[in-house]
Every structure is written in C-alpha cells, then in structure tokens.
Amino acid sequence: MAYLFFPGRHLANTAFQDTYLRAVLGAPLGSLQFVDNAPPTFTEPLTTLVFAITSANQQHARYNPVPYHIRAIGVDRFGGEYRQAFGLSYRIFGIPHYPPNA
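Attention in this report is confined to the structure presented alongside it. The structure presented is a predicted model; accordingly, all values stated were derived computationally and were not measured.

## Section: the overall build of the protein chain
If you tally the helices and strands in the protein chain, you get two helices and three strands. If you list the helices and strands of the protein chain from N to C, you get β-α-β-α-β. Reported as C-alpha extents along the three principal axes, the dimensions of the protein chain are approximately 40 × 35 × 25 Å. Looking at the protein chain as a whole, 29% of its 102 residues qualify as buried. Per element, the accessible surface of the protein chain, about 7,000 Å² overall, is 59% carbon and sulfur. Separation of charge centres in the protein chain, based on 7 positive and 5 negative side chains, amounts to 12 Å.

Right under this line is the structure:
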C-alpha cells in the first residue's frame, strides 16, 4: 500500500494540479523523480491519495478566507475523479494552524 501526500490550503483545485496528478498517477513509480533523486524503495502501486488541508481551524482570515468544511467539500469532489479514473481511494485530513511558540 503506497500513499501520495498532497498538502495545501486547498482554497481551489486547479487544472495544473489535475494534469500533474494524472501524470504522476499514470506513471510507474520507478520513473518518477523524488526529492533526493533516489529511486523509491517500494514497488507497490499508489493506492491512496492523502489530502492534508492546512490551517483547518482558520477561516475568514486574510490568507484563508474559505472555511475548512467548504474546502473539504471541494477536495472531496476533486478526489472523486481519481477514484473513478485510477481506482484509488483518498483521505481528507484537516491540519490546524498553531502560532509559533518560541
């Protein structure tokens, strides 16, 4: 079981994101470029998309004007397309924002 982690505020999902995800999901993992340029150490196909919606506890703020539940609905509709096209499952997690404590 392999996961693709897709973090962000997810205020909107774009055509670029859709094109990029479709290219990644349609390619073998060995052909993808990773941050450290090392090939993956696993051979399982991607099975799950994980959407992490950051700043989930902030709404109506300057940089985060859309409430979490509305963003989650948008991500749910966006992720549903990949379930149908690639047979993947997806998860949506809200990640709260905490101010620096130092």
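Structure's up, so let's keep going.
## A closer look at the pattern of salt bridges
Per the counting criterion, the structure on display carries two salt bridges. Between Arg-22 and Glu-81 there is a salt bridge, with the nearest N and O atoms lying 3.4 Å from each other. Placement of Arg-22 in helix H1 (residues 15–25) and of Glu-81 in helix H2 (residues 68–86) is noted, with a sequence separation of 59 residues between them. According to the relative accessible area criterion, Glu-81 is partly exposed, its value standing at 37%. One continuous salt-bridge network, built from bridges that share partners, spans Asp-18, Arg-22 and Glu-81.

## Things to note about the packing of H1 against H2
The interhelical angle for the contact between H1 and H2, taken along N-to-C directions, is 30°, at an axis separation of 12 Å. Compared by their axis directions, H1 and H2 come out roughly parallel. As for how H1 packs across H2, the hand of that crossing is right-handed. For the pair H1 and H2, contact is made by Gln-17, Asp-18, Leu-21, Arg-22 and Leu-25 and by Phe-78, Glu-81, Tyr-82, Ala-85 and Phe-86, respectively. Of the residues assigned to the contact of H1 with H2, the class counts are six nonpolar, one polar and three charged.

## Things to note about the sheet that holds strand S2 (residues 46–54)
The strand order across the open sheet built from three strands is S1-S2-S3, with neighbouring strands paired in parallel fashion. A single partner strand is all that each edge strand has here, and the edge strands are strand S1 (2–8) and strand S3 (89–95). Put simply, the sheet's adjacent strands are angled 20° from each other on average, direction ignored. In this structure, S2 lies alongside S3, joined through seven bridges in parallel fashion. Paired with Thr-54 across the two strands is Ile-95, which belongs to S3. Each of S1 and S2 touches H1; the most contacted strand, S1, lies at about 165° to it. Across the face of the sheet, H2 comes into contact with S1, S2 and S3 while running at roughly 160° to S3.

Thresholds, definitions, all that
Each chain carries its own residue numbering, running from 1 in the direction its sequence is written. pLDDT decides what is reported in this predicted model: residues at 70 or higher carry local features, side-chain atom pairs at 80 or more are listed and counted, and totals for whole chains, interfaces and linings draw on all residues regardless. Heavy atoms from the whole structure form the basis of all side-chain values; hydrogens and water molecules are not counted. By definition, any uninterrupted DSSP run of H or I lasting at least four residues is a helix, any uninterrupted run of E lasting at least two residues is a strand, and each is numbered from the N terminus. Exposed residues in this analysis have more than 50% of their type's maximum accessible area, buried residues have under 20%, and partly exposed residues fall in between, with area computed by a 1.4 Å probe over protein chains only. Using a 1.4 Å probe, accessible areas were evaluated by the Shrake-Rupley method; residue-level cover was limited to the displayed protein chains. Note on charges: Lys and Arg go in the positive column, Asp and Glu in the negative column, and His and the chain ends are not counted at all. Where a charge lies is defined by one atom per residue type, namely NZ (Lys), CZ (Arg), CG (Asp) and CD (Glu). A pair is scored as a salt bridge if a Lys or Arg side-chain nitrogen falls within 4 Å of a carboxyl oxygen belonging to Asp or Glu. The axes are straight lines fitted to the C-alpha atoms, using for helices just the contacting stretch, and the angles between their N-to-C directions are given from 0 to 180°. Should an angle lie under 35 degrees it is considered roughly parallel, over 145 roughly antiparallel, and from 65 to 115 roughly perpendicular; all remaining angles are considered oblique. Each crossing gets its handedness from the near helix: less than a right angle anticlockwise from the far helix is left-handed, clockwise is right-handed. In this description, contact between two residues means that some pair of their heavy atoms is separated by no more than 4.5 Å. Nonpolar residues are Ala, Val, Leu, Ile, Met, Phe, Trp, Tyr, Cys and Pro. Charged residues are Asp, Glu, Lys and Arg, and all others, Gly as well, are polar. By this definition, two strands are paired if DSSP reports at least two bridges between them.

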